[in-house]
Amino acid sequence: RMLSYRVHVAPADPASARVLIGMREQRAELPPALIAEAYRRDKEGWLHYIERALAAGMSVMSDRFALGDIVYLHSLYGLPVEELLEAYARSSIPRPRHTVLVAVPPSLAYERIVARGRRPRFYETPDFLQRAADVFERVLPADAIVFDNTAPLTDERVAALARDLFGDLTAT
């Protein structure tokens, strides 16, 4: 049997959203500290939704949460990893119970980006991907689950990852 799930995309703080979209689209050169603050406010904006879901007994899964932000902010703008980690520790951003790294060699990641058939974003370069992989190795918690994504993704591989994270999800 299939399990049902709800997907909720939390609205970002409008000012933060403008900064993050402007950064991603390279609309203007923005100070790194402003970008870091926008990332933090964006994540803190999710707090209400995360707490409500957890209180209801639901699991919450997020793509590229705070550690991903730290990796990007360092790899793109050179912000010090230690300062970013300290700011995260002081914030009200919730800490995940599990961290999963979907790992792929940077060279293969770049091949997959190019194979999409669209122009890569400014940060989708071999150099950036290597820097990001190096930083992920530095900040990844010791108990993180590393999912090797070099092989084709199959239902069986996704089910094995889900079992690692959540145990047996068989509906009764």
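For the structure, see preceding data.
Visitor: How should the environment of V135 be read in this particular structure?
Guide: By the secondary structure assignment, V135 is in helix α7 (residues 126-139). Judged by relative accessible area, which is 4%, V135 ranks as buried. Once the C-alpha coordinates of V135 and A103 are considered, the two residues, 32 residues apart in sequence, prove to be 13 Å apart. The residues contacting V135, other than those within four sequence positions of it, are V71, H74, S75 and V81.

Visitor: Sorry if this is basic, but what is going on with the nonpolar core here?
Guide: A general feature of soluble globular proteins is that nonpolar side chains tend to end up buried together. I70, L73 and V139 are the most contacted members of the largest nonpolar core, which totals 28 residues. Looking at this core, the elements that each hand over two or more residues are α1 (14-25), α2 (32-44), α4 (66-77), α5 (81-90), α6 (106-115) and α7. Looking at this core element by element, the count peaks at six residues for α4. Those residues within four positions of L73 in sequence are excluded, and the remaining contacts are I35, A36, Y39, G78, L79 and L84.

Visitor: Even after reading the chapter, I still don't get the packing of aromatic side chains, so can you show me in this structure?
Guide: To describe a pair of aromatic rings, you give the distance between the ring centres and the angle between the ring planes. Under the defined criterion, the tally for this structure stands at four aromatic pairs. Judged by centre distance (5.2 Å) and plane angle (70°), the rings of Y72 and F128 are edge-to-face. Taken together, the residues Y72 in helix α4 and F128 in helix α7 connect sequence positions 56 residues apart. F128 shares its class with Y72; the two are buried. Where Y123 meets F128, the ring centres are 6.0 Å apart and the plane angle is 70°; that geometry is what we call edge-to-face. Here the aromatic cluster, defined as three or more aromatic residues joined through ring pairs, consists of Y72, F122, Y123 and F128.

Visitor: Quick question: what am I supposed to make of the environment of I50 here?
Guide: Topologically, I50 is positioned in helix α3 (residues 47-55). In this structure, the C-alpha to C-alpha distance between I50 and D155, residues 105 residues apart in sequence, is 27 Å. Those residues within four positions of I50 in sequence are excluded, and the remaining contacts are V60, F65 and P94.

Visitor: Can you walk me through α5 in this structure?
Guide: Residues separated by three or four positions in an α-helix point in the same direction, a consequence of the helix having 3.6 residues per turn. Among all positions of α5, only V81, L84 and Y88 are buried. Around the axis of α5, the buried residues are gathered within 65° of arc, so they sit on the same side. Those residues of α5 that are exposed and angled more than 90 degrees off the buried face are E83, A89 and R90. If you follow the buried residues of α5, they end up packed against α2, α4 and α7.

About the thresholds
- Residues numbered from 1 in each chain as written.
- Predicted model: local features only at pLDDT ≥ 70, side-chain atom pairs only at ≥ 80, totals over all residues.
- Heavy atoms only, no water.
- Helix = DSSP H or I, 4+ residues; strand = E, 2+ residues; numbered from the N terminus.
- Buried < 20%, exposed > 50% of the residue type's maximum accessible area, 1.4 Å probe, protein only.
- Contact = heavy atoms within 4.5 Å.
- Core = buried A, V, L, I, M, F, W, Y, C linked by side-chain atoms within 4.5 Å.
- Phe/Tyr/Trp six-rings, centres within 6.5 Å; stacked < 30°, edge-to-face > 60°.
- Arc of directions from axis to C-beta.

Limitation: the analysis is restricted to geometry and does not speak to function.
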